Amino acid sequence: MRSVLILSVVLAVILGAHAYSATWGKAKNTDYQLLHQVEIRYPIKNNYWNVNINYPASGVGYYNISAIYVYDNFKNSSGASPTLYSGGPGYRFATINLKSQVNRGINSTVVIYGK
Ligand SMILES: *[C@@H]1O[C@H](CO)[C@@H](O)[C@H](O)[C@H]1NC(C)=O
Ligand SMILES: *[C@@H]1O[C@H](CO)[C@@H](O)[C@H](O)[C@H]1NC(C)=O
Ligand SMILES: *[C@@H]1O[C@H](CO)[C@@H](O)[C@H](O)[C@H]1NC(C)=O
């Protein structure tokens, strides 16, 4: 059992690193889901997408963010790489940047929890 657990953790780390998903912070089961946003962009020839996701859309929100999860829905190493530009866990706002690869689009899901 233990070796299976360790193996799956190792696999998750490897897959995570290649799938361009990211996690900041940790959500508790009493936290609210503050945002669930799917960002879709179609490939641009010889160029890439650079997209900022702001939570809330402007200013500072009511809830204290506990965790941010970004899932790359491509799951094949061709997705956008996520960066936390500002805010995040412990703050009431966040800006997450999604930078796609050249000639490749974006299909990433951003989920934010807080309380
Ligand atoms: C984005 O990913 C989701 C989940 O895999 C999929 O259902 C959806 O069709 C994808 N959309 C595009 C435009 O690729
Ligand atoms: C990755 O998956 C997406 C969606 O299924 C597809 O459009 C894209 O061509 C794939 N990229 C590579 C490098 O296989
Ligand atoms: C947000 O929550 C964290 C973790 O519970 C806490 O340390 C921090 O002080 C809180 N920040 C605000 C602005 O309430």
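For the structure itself, consult the block above.
Because the structure is a prediction, the values reported are computed rather than measured.

**Looking at the pairing of strand β6 (residues 94-99)**
Then, in step 1: Burial of the side chains of β6 is restricted to one face: A94, I96 and L98 are buried, whereas none of T95, N97 and K99 on the reverse face is.
Then, in step 2: Summarising the sheet, strand β3 (residues 50-55) and β6 pair through six bridges and their orientation is antiparallel. By the bridge assignment, I53 is partnered in β6 with I96.
Then, in step 3: Summarising the sheet, strand β5 (residues 81-87) and β6 pair through six bridges and their orientation is antiparallel. Looking at the pairing, P82 lines up with L98 of β6.
Then, in step 4: Between β5 and β6, which pair antiparallel in sequence order, lie six residues; one of them, G88, sits at a positive phi of approximately 105 degrees.

**Looking at the environment of A57**
Then, in step 1: Inspection of the secondary structure puts A57 in the loop between β3 and β4 (65-72).
Then, in step 2: The sequence separation of A57 and T95 amounts to 38 residues, and the corresponding C-alpha distance is 9.5 Å.

**Notes on the environment of G88**
Then, in step 1: Counting through the fold element by element, G88 comes out in the loop between β5 and β6.
Then, in step 2: With 24 residues separating them along the chain, G88 and I112 place their C-alpha atoms 8.9 Å apart.
Then, in step 3: Not counting chain neighbours up to four residues away, the residues in contact with G88 comprise W24, G25, I65, I68 and A94.

**What about the nonpolar core?**
Then, in step 1: Formed by 16 residues in total, the largest nonpolar core has its most connected members in I68, A94, I96 and I112.
Then, in step 2: Put simply, the parts of the chain that give this core at least two residues each are β3, β4, β6 and β7 (106-114).
Then, in step 3: No other element matches β7, which puts four residues into this core.
Then, in step 4: Residue contacts for I96: discarding those within four places in its chain leaves I53, I68, V70, P82, L84, Y85 and V110.

**A look at the sheet that holds β4**
Then, in step 1: Taken together, the four strands give an open sheet; going across it, the order is β1-β4-β7-β2, and neighbouring strands pair in antiparallel fashion. One side of each edge strand has no neighbouring strand; the edge strands of this open sheet are β1 (22-25) and β2 (32-41). Across this sheet, the average inter-strand angle for adjacent strands is 10 degrees, counted without regard to direction.
Then, in step 2: Two strands pair when backbone bridges link them, and β2 and β7 are joined in this way by nine bridges, in the antiparallel orientation. Within the sheet, the bridge partner assigned to Q37 lies in β7 and is V110.

Cut-offs and rules
- Residues numbered from 1 in each chain as written.
- Chains lettered and ligands numbered in written order.
- Predicted model: local features only at pLDDT ≥ 70, side-chain atom pairs only at ≥ 80, totals over all residues.
- Buried ≥ 20, exposed ≤ 12 C-beta atoms within 10 Å, placed from the backbone.
- Helix = DSSP H or I, 4+ residues; strand = E, 2+ residues; numbered from the N terminus.
- Pairing = 2+ DSSP bridges.
- Contact = placed C-beta atoms within 7 Å.
- Core = buried A, V, L, I, M, F, W, Y, C linked by C-beta atoms within 7 Å.
- Axes fitted to C-alpha atoms, helices over the stretch in contact; angles between N-to-C directions.

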